[in-house]
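# Descriptive structure summary
Given next are the chains, with one letter for each unit.
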Amino acid sequence: MTEDNQHNADEQQTPMQPQPQPLPGQVFVRPGIDDRPDYEKTLTEEAKAALKRLAVQQNPRVPEASNERPEVQQTLINTESGSPLTAFAHLDAAVPNLESSFLDLRDPMTAPDGTTPTKPQVHRLTAGFALGALLFTAPMAALNSVLIPQTISRLSGTDRVTDLALLSVVGTLLTFLMNAWISVGSDHSYCPLGRRTPWIIAGTVLTATSVAILSACDFMPLVIVFWLFTLIGHAMVSMPLAAAFGERVPDKFRDRADAWRGVGQAFGQVLGIIAAVSLTWAVDDSGWDGTTRFAMMVFALCLVVAGVATLLVLPFEGSSSYLPRESVKKGDYFSQYRPPKGAPKFFIAFAARMFAIAATSGIAIYQWYLAQDGLGDVSQVAMFGLSGAAAVMSVMAVAAFVGSLLAALLLGRIARAFKDSRIPAIAACLLFVVAVVLPLTPIDSAMAVALYALFAGFAYVVYDGVSQGLNLATLPDVRSVGRSLAAFSLANTFGSLIGAVVCAIAIAVTGEYLLIFAVAAGCMAVAGVLTLLLK
């Protein structure tokens, strides 16, 4: 065989290699770019191993779980049953955060999620979280304080107190379970919209839809089902919003944004109650003439507006698709609620907050029934063009807001005036006890509950703010303060359960709504005694 024939035979036996192609619209192949070989196909396993040893290994940092972030847990504590205006006081005893940029050489303008927002974006973050707190709090305050009690009263009649207590207990337990599930679920969300935004969107849709359906329900089991769906949807909004606040706001502007978010939440509570009683103040003796149904539809629309406005004002969240994936473990859901070991004072602080929450939550749950049937003749009470029970609710809401705001403005001076933080905390407990005793005295009932709301609002903000330093001092390890605060937040759950059940028993046995003030006085007195044991 000749040399040419041998060459032609080799070409026929050797498969043709694909030739590199130029970019679309181009004529030439760029040397070293378009004709670069595919190393996954051309290199041997030994060569790949050698190249891996020489290459720089990049291990992307897995974002910290939201249940381990101290500022997220503190936000949840204040949001669930704490005083939102406490943050407005700018106390020196802040929650320790070992990842704060103020503890190292990082730029305090860089948020924990790695972004560095511009000045307009910082303003949008502050306004967005404050607006979200206001718009989401108002409908829930209206439903919890006015509309759900009215609906229960219409459907249950004489059993309204026990049915409302049962609904409150089930709702509190469900909220606890959902917070544990949603905190893990949103941490493990990977999509172009980010980790938190999809949950906020879905929660807004679920909450608004459930409230709209709830307005048409005339069967108690359906009311319970869709109210629980409402609470699930609200948890899908509140937990991701709290986590997003801790991740997206730079340390330099955290205090200011937190203060305005607290003001938005506090004002949302007042606005929601006043709006609810304004829409339903003409109800008849049975507590129902159709206006509750209309009010629920209005607040369902408000929830939609809240979700849209919050997401539009906030800068768009970055994609989470690129984040390192981690599998969800069974222990991730409830391991965060394990109390710290070797911290006996922690349980004392836990019990003190639990009884303080019980003192406030019991009155809040049955406040509408108290204003409607527990204060005697209140037909002469008038405010904002309202009269009767609607005016009483408005007076109490405004008085509580004024007292809380005044306490927030003075809280810094009060805390700095005493070296021992137990002194102002116990004094606040005593003031609260005096406040709840006023409605039990011969003073005019409407005036008494207004003074109660004013003094109790002031006292609770002082107690809540000053006790934060005492509670943090009970934690043995600042490196795990996020998980310790998550366990501490269980005091909100247990306190709400105690307040609802004990007050319901007192009303059911005696038939007197005023006894909820006696229960509140006893609970806060216990909280004061337990606070005395902290040092």
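Conventions used here
- Residues numbered from 1 in each chain as written.
- Predicted model: local features only at pLDDT ≥ 70, side-chain atom pairs only at ≥ 80, totals over all residues.
- Heavy atoms only, no water.
- Helix = DSSP H or I, 4+ residues; strand = E, 2+ residues; numbered from the N terminus.
- Buried < 20%, exposed > 50% of the residue type's maximum accessible area, 1.4 Å probe, protein only.
- Contact = heavy atoms within 4.5 Å.
- Areas by Shrake-Rupley, 256 points an atom, 1.4 Å probe, with all protein chains shown as cover.
- Salt bridge = Lys/Arg side-chain N within 4 Å of Asp/Glu carboxyl O.
- Disulfide = S-S within 2.5 Å.
- Patch = residues over 30% accessible without salt bridge, like charges linked within 9 Å, V, L, I, M, F, W, Y side chains within 5 Å.
- Axes fitted to C-alpha atoms, helices over the stretch in contact; angles between N-to-C directions.
- Parallel < 35°, antiparallel > 145°, perpendicular 65-115°, else oblique.
- Left-handed = near helix turned anticlockwise from the far one by under 90°.
- Nonpolar A, V, L, I, M, F, W, Y, C, P; charged D, E, K, R; others polar.
- Expected span 1.5 Å × (residues − 1).
- Phe/Tyr/Trp six-rings, centres within 6.5 Å; stacked < 30°, edge-to-face > 60°.
- Lys NZ or Arg CZ within 6 Å of the ring centre and 35° of its normal.
- pLDDT = per-residue confidence, 0-100.
- Polar contact = N/O pair within 3.5 Å; in protein donor to acceptor, adjacent residues only side chain to side chain.

### Re the overall build of the protein
A count of helices and strands for the protein gives 18 helices and two strands. Counting across all 535 residues of the protein, residues that qualify as buried make up 51%. Across the protein, the fraction of contacts at a sequence separation of at least 24, relative to all contacts at a separation of at least 6, is 81%. Carbon together with sulfur atoms contributes 65% to the accessible area of the protein, which is approximately 25400 Å² in total.

### Some details on the pattern of salt bridges
Evaluation of the coordinates by the stated rule reveals nine salt bridges. In this structure, the salt-bridge partner of R261 is D258, at a minimum N-O distance of 2.5 Å. One end of the pair is R261 and the other is D258, both in helix α9 (residues 254–280) and three residues apart, which spans about a single turn. For R261, a relative accessible area of 10% gives the class buried. Linked by salt bridges that have partners in common, R154, D218 and R293 make up one network.

### Description of helix α12 (residues 367–374)
Note that an α-helix has 3.6 residues per turn; residues three or four places apart therefore point the same way. Taking burial as the measure, the eight residues of α12 include seven buried ones, the bulk of the element. Every buried residue of α12 is accounted for by Q367, W368, Y369, L370, A371, Q372 and G374. Elements that come into contact with the buried residues of α12 comprise α5 (119–156), α6 (160–187), α9, α11 (344–365), α13 (389–416) and α18 (515–532). A positive phi of about 80° marks G376, the residue just after α12.

### Let's talk about the state of the cysteines
Overall, the coordinates contain zero disulfides when judged by the stated rule. Free of any disulfide, C523 has its nearest cysteine sulfur in C503, 7.0 Å distant. According to the relative accessible area criterion, C523 is buried, its value standing at 9%.

### Here's the deal with the environment of P315
Tracing the chain through its elements places P315 in the loop between α10 (291–313) and α11. With near-sequence residues (within four places) excluded, P315 lies in contact with Q121, R124, L125 and R248.

### Brief notes about a nonpolar patch on the surface
A grouping of L301, V304, V305, V308, L312 and F316 is seen on the molecular surface, where their side chains present a nonpolar patch of about 610 Å² in accessible area. Inspection of the secondary structure assignment puts L301 in helix α10.

### Concerning the packing of α12 against α13
Between α12 and α13, whose axes approach to 9 Å, the crossing angle comes to 130°. Taken as axis vectors, α12 and α13 run oblique relative to one another. Relative to α13, the crossing made by α12 is right-handed. Residues Q367, W368, A371 and Q372 of α12 pack against A389, A390, V392, M393 and M396 of α13. Its residues assigned to classes, the contact of α12 with α13 comprises seven nonpolar, two polar and no charged.

### Remarks on α10
In a regular helix each residue adds 1.5 Å, so 23 residues correspond to 33 Å; α10 covers 32 Å between its end C-alpha atoms and thus fits that length. Looking only at α10, the buried set comprises T291, T292, A295, M296, F299, A300, L303, A306, G307, A309, T310 and L311. Considering only its buried residues, α10 is in contact with α5, α7 (197–214), α8 (220–248) and α9.

### Focus on the packing of aromatic side chains
In the structure shown here, the tally under the stated rule is nine aromatic pairs. Plain terms: the ring middles of F129 and F245 are 5.2 Å apart, the flat faces sit at 85° to each other, and that makes the pair edge-to-face. Within this pair, whereas F129 is found in helix α5, its partner F245 is found in helix α8, the two being separated by 116 residues in sequence. In this structure, F129 and F245 share a single accessibility class: buried. Ring geometry for F267 versus F401: centroids 6.2 Å apart, planes at 65°, classification edge-to-face. With a gap of 134 residues between them, F267 in helix α9 and F401 in helix α13 connect regions that are remote in the sequence. In this structure F267 comes out as partly exposed when scored by relative accessible area, which is 40%. When its relative accessible area of 18% is taken as the criterion, F401 is described as buried. Just above the ring of Y369 sits the side chain of R160; from NZ or CZ to the centre is 4.2 Å. The cationic tip of R261 hangs over the ring face of F245; the distance from NZ or CZ to the ring centre is 4.1 Å.

### Quick look at the confidence of the model for the protein
In the predicted model, the protein carries a mean pLDDT of 81, and the fraction of residues at 70 or more is 80%. When pLDDT is averaged over each helix and strand of the protein, the minimum, 52, is found for helix α1 (residues 3–13) and the maximum, 93, for α7. The model gives residues 284–289 a pLDDT under 50, and that stretch makes 11 contacts with residues more than four places away or in other chains.

### Things to note about the packing of α13 against helix α15 (residues 445–473)
Contact pair α13 / α15: the axes reach a minimum separation of 7 Å and the direction vectors enclose 35°. Viewed along their axes, α13 and α15 form a crossing whose handedness is right-handed. Its residues placed into classes, the contact of α13 with α15 shows 21 nonpolar, four polar and no charged.

### Description of the environment of F346
By the secondary structure assignment, F346 is in helix α11. Between the alpha carbons of F346 and L472 there is a distance of 8.7 Å; along the sequence they are 126 residues apart. Those residues in contact with F346 that sit more than four places away from it in its chain are P339, P340, T474, L475, S484, A487 and F488.

### Points about the side chain of S404
Within the fold, S404 resides in helix α13. Within the local environment of S404, its side chain forms a polar contact with the backbone oxygen of A400, the two atoms lying 2.8 Å apart.

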